[in-house]
Amino acid sequence: MSITNQTALQLAAQLRSGALRVSEVLDACYAQIEAAEPTVHGYISLCREDAYAFAAKVQARLDAGEARSALAGVPIAIKDLICTKGIPTTCASKMLEGFRPPYNATVIERLHAADLIPLGKTNMDEFAMGSTTETSAFGVTRNPHNPAHVPGGSSGGSAAVLAAGEAPIALGSDTGGSIRQPCAYCGVTGLKPTYGAVSRYGLIAYASSLDQIGPMGRCAADCAALFEIIAGRDEKDSSSMDFPAFSAAAALAGDLRGKRIGVPAEFLGEGLQPAVAKALREAAERFRALGATVEEFPLPMLAYAVPTYYIIACAEACSNLSRYDGIKYGHSAAGARDLLETYILSRSEGFGMEVKRRIMLGNFVLSSGYYDAYYKKALQAKRMLQQAYFKAFETYDMLLGPVAPTTAPKLGESLSDPLRMYLSDIYTVTVNLAGLPALALPCGTDENALPIGMQLIGKPFGESALFAAADAYQRTEDAPLGRL
Amino acid sequence: MQYETVIGLEVHTELSTKSKIFCACATRFGAAPNTQVCPVCSGMPGALPVLNQNVVEYAVRTGLATNCAITRGTKFDRKNYFYPDLPKAYQISQLHQPICTEGWVEIPNAENRTKRIRIREIHMEEDAGKLLHDPWEDASLADYNRCGVPLLEIVSQPDLRSAEEAVAYVEKLKAILEYIGVSDCKMQEGSLRADVNVSVRPCGAGEYGTRTEMKNLNSLRAIARAIASEAARQIGLLEEGGRVVQETRRWDDDRGESSPMRSKEDAQDYKYFPEPDLPPIEISEAQVEAARQALPELPETKKRRYITELGLPEYDTGIITGSIHLVRLFERASDQCGNPKEAANWIMGEVLGQLKATQTLPEDMSFDPDSLGRLIALVQSNTINRGTAKKVFAEVFSKNVDPEAYVQEHGLALITDRGAIVQALRQMLAANEKSVAQYKGGKAQALQYLIGQGMRALKGQAPAQEVRQLLEELLE
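Residues numbered from 1 in each chain as written. Chains lettered and ligands numbered in written order. Predicted model: local features only at pLDDT ≥ 70, side-chain atom pairs only at ≥ 80, totals over all residues.

Student: How should the overall build of chain A be read in this particular structure?
Tutor: Broken down by element type, chain A carries 16 helices and eleven strands. Relative to its length of 484 residues, chain A is compact, with a C-alpha radius of gyration of 21 Å against a globular reference of 23 Å. Counting over 484 residues, chain A shows a buried share of 60%. Pairs at least 24 residues apart make up 75% of the contacts formed inside chain A by residues separated by at least 6 positions. (Helix = DSSP H or I, 4+ residues; strand = E, 2+ residues; numbered from the N terminus. Rg over C-alpha atoms; globule rule 2.2 N^0.38 Å. Buried ≥ 20, exposed ≤ 12 C-beta atoms within 10 Å, placed from the backbone. Contact = placed C-beta atoms within 7 Å.)

Student: I tried to follow the packing of helix 7 (residues 324-337) of chain B against helix 9 (residues 370-380) of chain B on my own but got confused; where do I start?
Tutor: Axes are the key here: two packed helices are described by the angle between their axes and the distance separating the axes. Residue and element names in this part refer to chain B. One can describe the packing of helix 7 onto helix 9 by two numbers: an axis separation of 8 Å at closest approach and a directional angle of 35 degrees. Considering how the two elements wind past one another, helix 7 and helix 9 form a crossing that is right-handed. Here helix 7 contributes L329, R332, A333, D335, Q336 and C337 to the contact with helix 9, which in turn contributes D370, L372, G373, R374, I376, A377 and Q380. Per-class residue counts for the contact of helix 7 with helix 9 are six nonpolar, three polar and four charged. (Axes fitted to C-alpha atoms, helices over the stretch in contact; angles between N-to-C directions. Left-handed = near helix turned anticlockwise from the far one by under 90°. Nonpolar A, V, L, I, M, F, W, Y, C, P; charged D, E, K, R; others polar.)

Student: Just to check I follow, could you spell out the interface of chain B and chain A for this structure?
Tutor: Interface size is often expressed as the accessible area that is lost when the parts come together. With 23 residues of chain B in contact, the opposing surface of chain A contributes 33 residues. Taken together, the residues that form the side of chain B that touches chain A break down as 15 nonpolar, three polar and five charged.

Student: Whenever I open this one, the sheet that holds strand 5 (residues 90-93) of chain B confuses me. Can you help?
Tutor: Sheets are built from strands paired through backbone hydrogen bonds, the pairs being either parallel or antiparallel. Ordered in space as 5-4-15 (chain B), the three strands form an open sheet in which the pairing is antiparallel. The open sheet terminates on both sides in strands that have one partner only, identified here as strand 5 and strand 15 (273-274) of chain B. (Pairing = 2+ DSSP bridges.)

Student: Just to check I follow, could you spell out the sheet that holds strand 12 (residues 212-217) of chain B for this structure?
Tutor: All names here are of chain B. Spatially, nine strands are ordered 2-6-7-10-1-11-12-13-14 in an open sheet, and the strand pairing comes out mixed. Each having just a single partner strand, strand 2 (69-70) and strand 14 (257-263) make up the two edges of the open sheet. The sheet contact formed by strand 1 (residues 3-14) and strand 10 (residues 150-156) spans five bridges and is antiparallel. Across the sheet, V11 pairs through a bridge with I154, a residue of strand 10. Against the sheet, helix 3 (residues 220-239) touches strand 1, strand 11 (192-202), strand 12, strand 13 (247-252) and strand 14, its axis set at about 25 degrees to strand 11.

Student: Help me understand helix 11 (residues 339-350) of chain A in this model?
Tutor: Residues separated by three or four positions in an α-helix point in the same direction, a consequence of the helix having 3.6 residues per turn. Residues and elements named next belong to chain A. Its twelve residues give helix 11 an end-to-end C-alpha distance of 16 Å, which sits within 8% of 16 Å, the value for a rise of 1.5 Å per residue. Among the residues of helix 11, Y343, S346, R347 and G350 are the ones counted as buried. Seen along its axis, helix 11 keeps its buried residues to an arc of 90 degrees; they face one direction. Exposed and facing more than 90 degrees away from the buried side of helix 11 are L340 and S348. (Expected span 1.5 Å × (residues − 1). Arc of directions from axis to C-beta.)

Student: Would you mind showing me how to read the environment of A:F267 here?
Tutor: All names here are of chain A. With respect to the secondary-structure elements, F267 resides in the loop between strand 7 (260-264) and helix 9 (274-289). Here F267 falls in the buried class, since 23 other C-beta atoms lie within 10 Å of it. Residues F267 and G401, spaced 134 residues apart in sequence, show a C-alpha to C-alpha distance of 6.2 Å. Not counting the four nearest positions on each side in its chain, F267 is found in contact with G401, P402 and Y427.

Student: Quick question: what am I supposed to make of the domain arrangement of chain B here?
Tutor: Residue and element names in this part refer to chain B. By the assigned domains, chain B splits into domain 1 (3-287), domain 2 (297-409) and domain 3 (418-475). For domain 1 and domain 2, the distance between their C-alpha centroids amounts to 34 Å. Looking at the side of domain 1 that touches domain 2 residue by residue, the class counts come to four nonpolar, no polar and five charged. (Domains from an automatic or database assignment.)

Student: In this structure, what is going on with the confidence of the model for chain B? I would like to understand it.
Tutor: The share of residues in chain B with pLDDT of 70 or more is 99%, and the mean pLDDT across the chain is 88. With a pTM of 0.89, the predicted complex shows an ipTM of 0.94. (pLDDT = per-residue confidence, 0-100.)

Student: I tried to follow the environment of B:K20 on my own but got confused; where do I start?
Tutor: On the secondary structure map, B:K20 appears in the loop between strand 1 and helix 1 (53-65). Separated by 199 residues in sequence, B:K20 and B:S219 place their C-alpha atoms 24 Å apart.

Student: Is there a simple way to explain the pairing of strand 10 (residues 438-445) of chain A in this structure?
Tutor: Across a regular strand the side chains alternate sides, sitting on one face of the sheet and then on the other. Residue and element names in this part refer to chain A. Among the eight residues that make up strand 10, six are buried, leaving the element largely enclosed by the rest of the structure. With three bridges joining them, strand 5 (residues 189-192) and strand 10 adopt antiparallel strand pairing. Bridging across to strand 10, L191 finds its partner in L439. The pairing of strand 10 with strand 11 (residues 451-457) spans seven bridges and is antiparallel. Bridge pairing in strand 11 links A440 to Q455. Where strand 10 hands over to strand 11, the hairpin turn is made up of five residues, of which A449 adopts a positive phi near 65 degrees.

Here it is in structure tokens:
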């Protein structure tokens, strides 16, 4: 089997045994990147020199029998909104073109300490705002399964490079589905962790109360190994929490016998593509075969999910993105004659359409006189949604549902109708609003051979149960996996 | 018509914590531009705030010292606005649940009675940076050292009725903040500054007039002048049949006048919302109780104690307890010389005299505080006389000399050798036969003259009492 078709854990085992050298794995990844990028365009920038320099140190440690983590020596792709010291970090925006952060995100420090090797920074929707990676200022990413289709978003670059064999594992971020939806479209696996499980320090903020960094890979076992490395309290992020000691090995040892899985009936309603519904039913059968019970139950409040999400996310975003003012870093308009023009021109030129739309929405809902009607109401709806989920978890160990109503749309289809694009987030945004963990994994393909994804939603800090279920599922005979 | 001036103050005080409110950067004043910054306080993408717990502790202490209720569940909000000195384009502040509410402090009023000024709230927030205009380049340069320095904003109710009351109120707050050690309150460095809200109304009117605000006044003089000028302007307007417009005005202390800055219509919408990067803060009963126990003696209590226990005059105690720096000097000196009244006299006389003559603030006194007590002790032990001591104190104050060493080096000690004094007086009497004759002829005033001559002969370094006594004996 070629290097670029293997899982991260398979590569790590061979690196430890000496069957593979770190440089060989890097060579294979960069060769595949050169072959695939003209079509896929999943990366914004590569950090080849840094990667080989670091690889030499990692190799020395491996040669000495010192593997600093279960993934030591494995290359990794990083979504381009995670700060990497001295390495361009753009958020796929002209606003941050050429910006080199003076510090590393906490997750990057943890990857370094675990001897994972960053390959480059992946494409995304500008400032993580979008569901297709088409709002990137640096060109669209194409779905490796069919280049006429989008890879999803906003972590579309990370999902696409995994599917195209350009990286064995990746980091993404998820504010309203940005890890799970591209995983579904590209046929790979990814986790949106419990809010607070992974440090956000160095994650360039979109919506602070919803953003989470998470692992993306070819299988649940890889994601669990990466999650073990990045999870845990960070004193630089006051919203990060003490995670009850997570162990990938312990998580994967669990099984599904006697587990109760609930399927929110509202998740199977109108607008769901028939192939997606069919794949979901088949997945439910597999879970039953593994010993779980699967049943439908009502989850009210879903109708309020999308507006609630967009009000809260845009409100926080308009404030978070105010710092891009053309003064300290990033794009600064050349022709500005005074302070006000510096602000107006720099921001008009630096931000794309979707970002501007959300900044304006956010400013509107926070405006004096509208705050109570929108933002405050949204916070109330958020709490009610959370309660509805907690009630469901009194009965069920985890929930099962689709990630998106359809498989990947064609390029250009979504941007022409932003409202439709927002509505397609309906199954993913509730998880962020409730702060829950959710794991997306492939569960089949549609009539056009495009991947279909499902998600397992867990209790707060219930990641172990999700990994156990997904891993058991992925080990069943003929289980749908990403392109390997 | 008679008018009443109504004033409310928002006093901003920089806390003297070692590090900033949301990062570990130093807060030291006067460092080279942008040397006390990090990704957090310079607003780098992805950086997150972490609350310095000392700020909460200082805020609780301040609330207790000003009789406030402490909010047990408090939180931060974002105040959004664009300005180049604010790198995140929002200030982390408190709007909805400020840490302290409903307090008061007492000030002396015109009739020298006590007036209670209510405090509406005290909230925690971060300071912004500083902009410096570079006329050569015609550019503004930003210094972010001050970004993230912790601030408390102390908001009064509109209970003040004159510029004098406003000044007394700020002085009282300053004294309290210094006593409890939360701020150095150096107005000239901007660590204590005030926004004043002023309105006027006909005496006896029930409703307040329309108010205007003047921001960032950084001296007591500016506060007093700005209020007096603004009240006069508003009264003038009303007398001419005009009306006051609600607006923010800029006070120009050099020209002694204010000008319109922005009206209510242009008022910014700060789009406050809860800060999502910081969890709510729970303050426990135990925490509040511990802070209450740890509060030092406050100005009012100290003043009463000085009057009743030490028997000091009310006026003197008011002056001394008005500044923690004078209090420290006084308590040190009275411990050292064992005579509080004498120590108080020295503070009221020589110390205040030197401060005034040299235009120095009590916090900027730089001499060893032990020196004053030691100097007083030298007088009490008859080593030097009072006149010499005053001269020595001037040296202590300006050059921080050691009193004993200085007296020794300059040969200022009193002559204690009786024989030497008698000899000097004999010589003097021999040269003043005329006066001696006058004295013996019954002219009593001549003795006074002879004592003066004797002291002069002794260069003032003999105890006056002893000189008098010896002279009388010699003349017999």
